[in-house]
Amino acid sequence: MPHRRLKKSEPVFSITTLPDLGIDIKDIEDDFKRYYGHRLGRDENCRSVHYVYEALSMVIRDRLTERWKKTYIACKKQDCKKAYYLSMEFLMGRTLSNAMLNLGVDDVVSQAMYDLGLDIEELIDAEPDAGLGNGGLGRLAACFIDSCATLQLPVTGYGLRYEYGMFSQTIVNGEQVEEPDHWLRNGNVWEIERLEYKQRIKFGGHTERHIDKEGITRVSWVDTHDILAVPFDTAIPGYQNGTVNTLRLWKATATEEFDLQEFNAGDYAESVAAKNTAENITMVLYPNDANENGKALRLQQQYLLASASLQDVLEVWVGRHGNDFSNFAAKNCFQLNDTHPSIAVAELMRLLLDNHELSWDDAWTITRNTMAYTNHTLLPEALERWSVDLFKQLLPRLMEIIFEINARFLAEVSAHWPGDKARIARMSLIEEGDQQHVRMAYLAIVGSYSVNGVAELHSKLLQQGLFHDFYQLWPEKFNNKTNGVTPRRWLAACNPELAELITETIGDGWLTDLSLLKKLEIYVDDKAFCKRWYEVQQAAKQKLIDYKKQELGVDLNVNALFDVQVKRIHEYKRQLLNVLHVIHLYDRIKRGDTANWTDRCVLIGGKAAPGYHMAKKIIKLINNVSHVINHDPEVGNKLKLVFLPNYRVSAMEKICPGADLSEQISTAGKEASGTGNMKFMMNGALTIGTLDGANIEIREEVGDDNFFLFGLTEDQVENLRDHYNPAAIISQDEDLQRVINLLESGHFNQFEPGLFDGVIDSMKSPHDPWVTIADFRSFVDAQKRVEAAFQDKDRWTKMSIINCANSGKFSTDRTIAEYNNELWKLTPVHVAK
Ligand code: 26Q
């Protein structure tokens, strides 16, 4: 019985009255030595940076922990409403430097380490990324919980503790090779395991019905194969405000009887294997940033997250209010990060009906008043659907509940549109066909009080397109919440030199009110300020160059235009359009068309989903083109193309301060928002972009003069579809023709004939959904405007300042304030500092 309750009902000690830990240099140094020497048993002869990192992290963690307790107590006292952010991904990156910044001890700790002969930068770099996410959606969750803590909102993040995060990418012969990311290999000092809060999760079995004392039919879900979900908590500090919230990640383990059953039957090895099967559930993050349909393990992951988190919340509720749920919806709400945790709608119904014996109507009212759904994609093929057969097998009780939700919902649709059979079929939670499927987005819409997109255009297109029927039925549910990024990590921590210049100029209020950056605008005509801005930008570029030189052995020219596209590799994001432009520049150099040339370094980075063949071919193409260009002496410093391997959060922290130009070139109407665009803008890069996602709002903020716009609009793309003729466009554009000829001639794959045929054909097809060829000319023209602006250093610097100054809207503090004011309605909980 490892977690039996203490016999004494009241402990005779209290840890809340402990004196606070000091944060002076001496306190930090002493604690560091104690951890390093006593706890870790290392001395000054140990050459491993890891233990130094670990000892320092424990020093910082202790200081977070005491604030964490205080926040918990303050929240409990107020009995306030709470929100829960349910997400299959939290792409946290590194913790140490962020924790130091938010605690306000970064300077003191740097000095303490310096005094001990240690370099803080090296320690920060020793930490592995917590890569528990694919890209935008996962990083957004991480920025959100940072802002919630900074705004002192009582919000808990719930997710999964994957043993293996996003794979690590290496490039071998130009191709992506994936390696598993065993990020926990050296332990994780930031997490605390809380076995006392484990939850039991059911799978399989069947349901049985019986009539209870009051004559009501009750359902039992029996003969299930249960597993345990064990929470691991991480402290999420707000920015220098005493608040520390919680990120709770679940790990799957076997139940004790799981082992015993098999063991009693004499099958020891089987029982150990069974334990493994249970632990497999949270073993690995699915590395697709679009849907990979139908994998049973993924559904098990989703259910584990939903069920464990809801049981956790309900347990606390029942502990305080018994089975009185009348106030539950007023005190709790769940924000669903895409449809991935949307099984929570059915699971909350199950828990309220079967475990807490509420009536259907009461349970449904509570569910619909507590769940809110955020959509992150417009691609219809990326909407999650689960086969009804699989659902019945794994989660029979949940399938029954979904059928019941659907029956009642379709009755409502029928009443609204009598006789409209087609609409009923369109809106049903169950898609008919060879095989029935559950449409998870529809479950999320029907079961929640809010549906939001993540940028203005995206939210509008959801209402007019993908979810139009639902919008007609419930227009009041639909809303927009434009994404953001946290300025602490994405400006203060990653670009301390720029942050310092900003603070010296306008004060430090911008850290918690990013709209104050606007004050920088009055300095665009101040020569001294502009000079310093330019110098800081150049220094950031040099830092990036040094880092890449050390990592890749390439040497880049600090005076070249740093043109950067880092994001997942996807056809709709059009890394191919970028490559076409690079080949065009190369062709110009080879033709001698280099009058008035602007030197350029094009940096492209990103991971391809392991099963996405086209994306992998695009990586190979980038690397092959890079090889030809970078080894051509005639090209020299005029043009470089570099693929940045293993793009991840900690890489972006080094890349975004050193970028001049941010490439946001998705086909209009396809990128829901984009958030990399915001990080670049905040750090003073200029954007070349289409009218897509949040680009539109970025352009609105900076003004047309400070944004390089190109490409078809979303309507134009849609109108082009039935008469798109890329062959005609190519034949009428000599530059483009030459680019395609170079590709087709095998110039970039001389020893690998035919390698890129699929890629070239996809662009030349009249059915190319991403209409890459259609935007080529406009893209090249926009790039010429970029060059003209870049050649005028003063003009470029002004534009850079204006971009940073107008990035205030794109703080997640603003985004979260909107979620809170319009959807969650939480009261901030002030914690004594
Ligand atoms: C689903 C089912 C099975 C396996 C994987 C998945 C899966 C996993 C991750 C599907 C989608 C994702 C991630 C999507 C994502 O990151 N979307 C991005 O979200 C950002 C934050 O809102 C937006 O800025 C981007 O535009 C959007 O592409």
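Everything discussed here concerns the structure shown above.
Residues numbered from 1 in each chain as written. Predicted model: local features only at pLDDT ≥ 70, side-chain atom pairs only at ≥ 80, totals over all residues. Heavy atoms only, no water.

Draft legend 1. View of the overall build of the protein chain. Scanning the protein chain for helices and strands turns up 33 helices and 25 strands. In summary, the protein chain has a C-alpha radius of gyration of 28 Å against a globular reference of 28 Å for 833 residues, a match within 12%. Each principal axis of the C-alpha atoms in the protein chain carries an extent, and together these give about 90 × 75 × 55 Å. Going through the 833 residues of the protein chain one by one, you find that 59% of them count as buried. (Helix = DSSP H or I, 4+ residues; strand = E, 2+ residues; numbered from the N terminus. Rg over C-alpha atoms; globule rule 2.2 N^0.38 Å. Buried < 20%, exposed > 50% of the residue type's maximum accessible area, 1.4 Å probe, protein only.)

Draft legend 2. Structural context of the packing of helix 12 (residues 360-370) against helix 14 (residues 396-416). Two numbers describe how helix 12 lies on helix 14: the axes approach to 13 Å, and their chain directions differ by 85°. Our classification of the angle between helix 12 and helix 14 gives roughly perpendicular. From helix 12, Trp-360, Asp-361, Trp-364 and Arg-368 reach across to helix 14, where they touch Ile-401, Glu-404, Ile-405, Arg-408 and Glu-412. Class assignment for the residues of the contact of helix 12 with helix 14 results in four nonpolar, no polar and five charged. (Axes fitted to C-alpha atoms, helices over the stretch in contact; angles between N-to-C directions. Parallel < 35°, antiparallel > 145°, perpendicular 65-115°, else oblique. Contact = heavy atoms within 4.5 Å. Nonpolar A, V, L, I, M, F, W, Y, C, P; charged D, E, K, R; others polar.)

Draft legend 3. View of the site of the ligand. Among the 21 residues in the neighbourhood of the ligand, the closest are listed as Asn-291, His-376, Asn-483, Glu-671 and Gly-674. Contact distances for the ligand include 2.9 Å between an oxygen atom and a backbone N or O atom of Leu-137. In the complex, 93% of the free accessible area of the ligand, which totals 610 Å², lies under the protein chains. For the shell around the ligand, the element with the highest residue contribution is helix 6 (residues 136-150), accounting for three residues. Partitioned by chemical class, the residues of the shell around the ligand number six nonpolar, nine polar and six charged. (Near = heavy atom within 4 Å. Polar contact = N/O pair within 3.5 Å; in protein donor to acceptor, adjacent residues only side chain to side chain. Areas by Shrake-Rupley, 256 points an atom, 1.4 Å probe, with all protein chains shown as cover.)

Draft legend 4. Local environment of the sheet that holds strand 24 (residues 686-689). Pairing in this open sheet of six strands is parallel, and the strands run 22-21-20-23-24-25 from one edge to the other. Both edges of this open sheet fall to strand 22 (639-644) and strand 25 (708-709), since each of them pairs with a single strand only. The sheet contact formed by strand 21 (residues 600-605) and strand 22 spans six bridges and is parallel. Note that in strand 22 the partner of Leu-603 across the bridge is Val-642. (Pairing = 2+ DSSP bridges.)

Draft legend 5. Looking closely at helix 20 (residues 496-506). Among all positions in helix 20, only Leu-498, Ala-499, Leu-501, Ile-502, Thr-505 and Ile-506 are buried. Within helix 20, the buried residues cover an arc of 160° as seen down the axis, which keeps them to one side. Buried-residue contacts for helix 20 involve helix 19 (487-493), helix 21 (527-552), helix 25 (676-682) and helix 32 (793-805). Phi turns positive, to about 85°, at Gly-507, one or two residues after helix 20. (Arc of directions from axis to C-beta.)

Draft legend 6. A look at the environment of Met-100. As for its placement among the helices and strands, Met-100 is situated in helix 3 (residues 96-103). Owing to a relative accessible area of 2%, Met-100 belongs among the buried residues under this scheme. Remark: the alpha-carbon pair of Met-100 and Tyr-303, spanning 203 residues in sequence, is separated by 35 Å. Residues within four places of Met-100 in sequence aside, it is in contact with Ile-60, Val-105, Asp-106, Val-109, Ile-120 and Ile-124.

Draft legend 7. Region of the structure containing unusual backbone geometry. One non-glycine residue, Asp-338, lies in the positive phi region at around 70°. Turning to its location among the elements, Asp-338 is positioned in the loop between strand 13 (332-337) and helix 11 (344-355). A positive phi angle, near 60°, is found at Arg-574, a position not held by glycine. Considering the arrangement of structural elements, one finds Arg-574 in the loop between strand 20 (561-566) and helix 22 (575-591). Exposure remark for Arg-574: the relative accessible area of 1% places this residue in the buried category.

Draft legend 8. Examining the pairing of strand 8 (residues 199-203) more closely. With burial as the criterion, only one face of strand 8 is covered, namely that bearing Gln-199, Ile-201 and Phe-203; the residues Arg-200 and Lys-202 on the opposite face remain uncovered. Across five bridges, strand 8 lies against strand 11 (residues 225-237) in antiparallel orientation. When the bridges of strand 11 are listed, Ile-201 appears paired with Ile-227.

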